[in-house]
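# Topology and contacts: notes
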Amino acid sequence: MIVLDAVAPLMGGMAGSGMAGGMGGWMFVFPLVALLTVAVLLTAGLLGVKLLASESDDGTDASPPDETPVERLQQSYAAGELTEAEFERAVERELEREETGGTATRATETEQTGEAARAR
């Protein structure tokens, strides 16, 4: 009996639910919590990307891509936003810009449009 009394505490400590005895219920809970965390992070990431993609592609362009600058000027002239002289100068500028490969600046067009609005 003396041998059993000496071995019993060692066996209980090694095979019991103590620190060295195993994880107990945590063995099943920890992987589930980790899996749930990864699923939540992936879902949040996908929703974030989808939201950003929908914000950047909301379909509101300043002008349709098929519309040329000359066509925009024609529409502005037809709507009465430009005088005939302003329209002719702007068309000449656009045609020069097309010939030079688009190196001219747009600041003068914006300034003249502002002057036309102030003149009215």
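Before any of the text, the structure's been laid out above.
A short tour of the structure in this document, coming up. (Residues numbered from 1 in each chain as written. Predicted model: local features only at pLDDT ≥ 70, side-chain atom pairs only at ≥ 80, totals over all residues. Heavy atoms only, no water.)

A separate point is the packing of helix α3 (residues 69–78) against helix α4 (residues 84–100). In the contact formed by α3 and α4, the axes pass within 10 Å of each other and the chain directions differ by 175°. Between α3 and α4, the interaxial angle falls into the category roughly antiparallel. Counting all contacts with α3, which are made through P69, V70, L73, Q74 and Y77, the residues of α4 involved are E84, F87, A90, V91, E94 and E98. Tallied by class, the residues present in the contact of α3 with α4 amount to 7 nonpolar, 1 polar and 3 charged. (Axes fitted to C-alpha atoms, helices over the stretch in contact; angles between N-to-C directions. Helix = DSSP H or I, 4+ residues; strand = E, 2+ residues; numbered from the N terminus. Parallel < 35°, antiparallel > 145°, perpendicular 65-115°, else oblique. Contact = heavy atoms within 4.5 Å. Nonpolar A, V, L, I, M, F, W, Y, C, P; charged D, E, K, R; others polar.)

The end-to-end C-alpha separation of α4 is 24 Å, in line with the 24 Å expected for 17 residues at 1.5 Å each. G101 sits one or two positions beyond α4 and adopts a positive phi of about 90°. (Expected span 1.5 Å × (residues − 1).)

In this section: the side chain of E67. Within the secondary structure, E67 is located in the loop between α2 (26–56) and α3. No salt bridge is formed by the buried E67; the nearest opposite charge belongs to R72, separated by 4.4 Å. Ignoring sequence-local partners within four residues, the contact set of E67 consists of R72 and Q75. (Buried < 20%, exposed > 50% of the residue type's maximum accessible area, 1.4 Å probe, protein only. Lys, Arg positive; Asp, Glu negative; His and termini not counted. Salt bridge = Lys/Arg side-chain N within 4 Å of Asp/Glu carboxyl O.)

Judged by side-chain charge, E84, E88, E92, E96, E98 and E99 come together as a negatively charged surface patch. Residue position: E84 is located in helix α4. By relative accessible area, which is 48% here, E84 ends up partly exposed. (Patch = residues over 30% accessible without salt bridge, like charges linked within 9 Å, V, L, I, M, F, W, Y side chains within 5 Å. Areas by Shrake-Rupley, 256 points an atom, 1.4 Å probe, with all protein chains shown as cover. Charge placed at Lys NZ, Arg CZ, Asp CG, Glu CD.)

Turning next to the packing of aromatic side chains. By the definition in use, this model includes 1 aromatic pair. Ring centres of Y77 and F87 lie 4.7 Å apart, and the angle between their planes is 20°; this geometry places the pair in the stacked category. One end of the pair, Y77, is in helix α3; the other, F87, is in helix α4, with 10 residues separating them in the sequence. (Phe/Tyr/Trp six-rings, centres within 6.5 Å; stacked < 30°, edge-to-face > 60°.)

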